[in-house]
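Examining the three-dimensional arrangement
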Amino acid sequence: MSHTMSQDPLNRLRAEIVLEVTFAILVCLASVIGNVLVVYVVNKYSEMQTITNILIHNLALTDIIMATLNMPFWITSLYSGKWILSQECCEVSATVQHTMGLATSLIMSLIALNRYMKVVKRTIYIKFFPSKRAAWLYCGLVWLVSVLFATPPLYGWGKMNFDSDFLLCTFNWKDGHFSFVILLGGFFDVTMVGIFYSYWKIYQTVKESTDNVNANVLQNGVGATRFHRTDIDVLKSCFTVVCFFLITWFPIAVCTFTITIGGRLPHEVRKVSVYLFFASSLVNPIIYGIMNPQFKGAFKKAFSCGRYGSDNTDQSHARVAAVIIHPRNNET
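Residues numbered from 1 in each chain as written. Predicted model: local features only at pLDDT ≥ 70, side-chain atom pairs only at ≥ 80, totals over all residues. Heavy atoms only, no water.

For clarity, the cut-off: UniProt positions are given in the numbering used here, feature names are shortened, and annotations may be inferred rather than shown by experiment.
Per an unreviewed UniProt entry, the protein chain goes by the name G-protein coupled receptors family 1 profile domain-containing protein and belongs to Pocillopora meandrina. The record in UniProt for the protein chain states the following under Subcellular location (unreviewed entry): "Membrane". As recorded by UniProt, the Sequence similarities (unreviewed entry) comment attached to the protein chain reads in full: "Belongs to the G-protein coupled receptor 1 family."

Shown next as structure tokens:
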């Protein structure tokens, strides 16, 4: 009794509850702060309002909504070990979670497609991304598709309830409609393959380009070193995007699939998969924002209250990496 919460349905130690809740609050706060900063600099500085950054802006919005409208319910359930609100609130929470999750994966795919066309298919890039208005249109379609795919359980196609292992309201993966599970699974597979393929082709294209440049400037070695650095930066950036996507999204996908086919997983595995899933809202502003040279400059400018602007350290290299990994030049 002295070491456990007397009312805890999961019979957890007091220290365990405090640790779980504290870590969840940190994830929530960091997600809000990081993504609000991304939205702020895009809205504040006109030079930041490019096609690619509009997509990143919408990704940040989905993470903000997830952190403010869904994570608090998760944190409350972590503390109490149960759902303390009504079934209607549970269904709303689950719908918000699924909508934001689907929107996040779609926007990440859209960002990958944008970069793929900018680097690999330059001749058709302008046809698919002709203006900022087109980018906003794509984002609007993403939100519409996400709502359409997330809400069928509200109309009877599937069920949503509180899962005591995930400690959040979600789709009933075990006893819900199997056809709906297949639909969501196919949705995730398509987005995952699209992201992997896009970044792999980006790296292949950059690698081939730098190899050609290096061969032409091999006699003096200067250009070869610079482009080799860019090649490494491209590999690191692509590797980071893919790895974080796998780390944060793949575990919960495996868990839901295992539950759907009747398998059982330890409570701790399912709990950790939820932490990783919500952590994607934390790492997205780091991957797509803070690692972006353009965003770095905007953050410095914002934090220095306008005093930032005149140092041009290693500008040429930053520009090469920015064009390849964070396409923005010549965007309207």
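Let us keep going from here.
**Describing the state of the cysteines**
Note the cut-off: By definition, disulfides here are pairs of cysteine sulfur atoms that lie within 2.5 Å. A run of DSSP states H or I qualifies as a helix once it reaches four residues; a run of E qualifies as a strand once it reaches two. Both are numbered from the N-terminal end. Think of it in three bands: with a 1.4 Å probe and only protein chains considered, a residue is buried below 20% of the maximum accessible area for its type, exposed above 50%, and partly exposed in between.
Tallied over the entire structure, the rule returns 1 disulfide. Disulfide pairing places Cys90 opposite Cys169 at an S-S distance of 2.0 Å. Given an S-S torsion of about -120°, the disulfide between Cys90 and Cys169 has left-handed geometry. Of this pair, Cys90 sits in helix 4 (residues 87-119) while Cys169 sits in strand 2 (residues 168-171), placing them 79 residues apart in sequence. Taken individually, Cys90 and Cys169 each receive the classification buried, so the pair is uniform in this respect.

**Examining the packing of aromatic side chains**
Heads up, the rule is: Pairing of aromatic rings covers Phe, Tyr and Trp, the last counted by its six-membered ring, and requires centre-to-centre distances within 6.5 Å; plane angles under 30 degrees mean stacked, over 60 mean edge-to-face, and any other angle means tilted.
Within the structure shown, the criterion is met by 17 aromatic pairs. Ring centres 5.9 Å apart and planes at 50° place the aromatic pair Tyr116 and Tyr197 in the tilted group. One end of the pair, Tyr116, is in helix 4; the other, Tyr197, is in helix 7 (residues 178-216), and 81 residues separate them in sequence. Accessibility expressed as a relative area gives 11% for Tyr116, which makes it buried.

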